Each structure stands twice: as structure tokens, then as C-alpha cells.
Amino acid sequence: MKLMRDLALRFQIAGEVLKFFWKKKLWWLMPFIFVIVVLGLITVIGTTSGIGPFIYTLF
């Protein structure tokens with residue numbers, strides 16, 4: 001249960017950051033944030049699974 005609460009809190013923070021960007025007319029930063037999140041996910045997946053060597057060859 002603690003894990004689910006932590007995840008919900010993190011997504012809530014991310015939602016608040018996105019709302020802040022939209023409110024301050026910084027919506028043009030959304031693609032940059034998307035790319036950073038995707039690269040982070042690739043890094044996490046590559047280091048925690050057996051497909052790491054295949055992912056690293058892409059870069």
C-alpha cells in the first residue's frame with residue numbers, strides 16, 4: 001500500500017508541474033519534458049532488465 005501511495009504522490013506532483021507550465025504559457029516545454037521522461041524510462045528499463053545491451057547499442 002505504501003508503494004501505491006508513493007506512486008500516486010509522484011504522479012500528483014508531475015500533474016501539478018504540468019499545470020504550472022500550462023498556466024504560465026510554457027506549454028512549448030512539453031516536448032522537451034516528454035523526451036527527458038522517455039530517455040529516463042529507457043535508462044531504467046535498460047539497467048534493470050536483460051535487454052540492456054540491446055538498448056545501449058541504439059545510442
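This one's a predicted model, so the numbers in the text were calculated from it and none came from an experiment.

**Concerning the overall build of the protein**
Here's step 1: In terms of helices and strands, the protein carries three helices and zero strands.
Here's step 2: Across the protein, helices and strands are ordered from the amino to the carboxyl terminus as α-α-α.
Here's step 3: Looking at the protein as a whole, 7% of its 59 residues qualify as buried.
Here's step 4: When the accessible surface of the protein is totalled, it reaches about 5,500 Å², and 78% of it is carbon and sulfur.

**Observations concerning unusual backbone geometry**
Here's step 1: Although it is not a glycine, Lys-25 sits at a positive phi angle of roughly 60 degrees.
Here's step 2: You can see Lys-25 is positioned in the loop between α1 (2–23) and α2 (30–48).
Here's step 3: What makes Lys-25 exposed here is its relative accessible area of 61%.

**Observations regarding the confidence of the model for the protein**
Here's step 1: On average, the protein scores 77 in pLDDT, and the residues at 70 or more come to 80%.
Here's step 2: Per-residue pLDDT, averaged within each element of the protein, yields its smallest value for helix α3 (residues 52–56) (68) and its largest for α2 (80).

**A word on the packing of aromatic side chains**
Here's step 1: Under the counting rule described, the total for this entry stands at two aromatic pairs.
Here's step 2: Centre to centre, the rings of Phe-20 and Phe-21 are 6.2 Å apart; their planes meet at 45 degrees, and the pair counts as tilted.
Here's step 3: Summarising the aromatic geometry, the rings of Trp-28 and Phe-32 are spaced 6.5 Å apart at their centres and angled 90 degrees between planes, so their arrangement reads as edge-to-face.

Criteria and thresholds
Residues numbered from 1 in each chain as written. Predicted model: local features only at pLDDT ≥ 70, side-chain atom pairs only at ≥ 80, totals over all residues. Heavy atoms only, no water. Helix = DSSP H or I, 4+ residues; strand = E, 2+ residues; numbered from the N terminus. Buried < 20%, exposed > 50% of the residue type's maximum accessible area, 1.4 Å probe, protein only. Areas by Shrake-Rupley, 256 points an atom, 1.4 Å probe, with all protein chains shown as cover. pLDDT = per-residue confidence, 0-100. Phe/Tyr/Trp six-rings, centres within 6.5 Å; stacked < 30°, edge-to-face > 60°.

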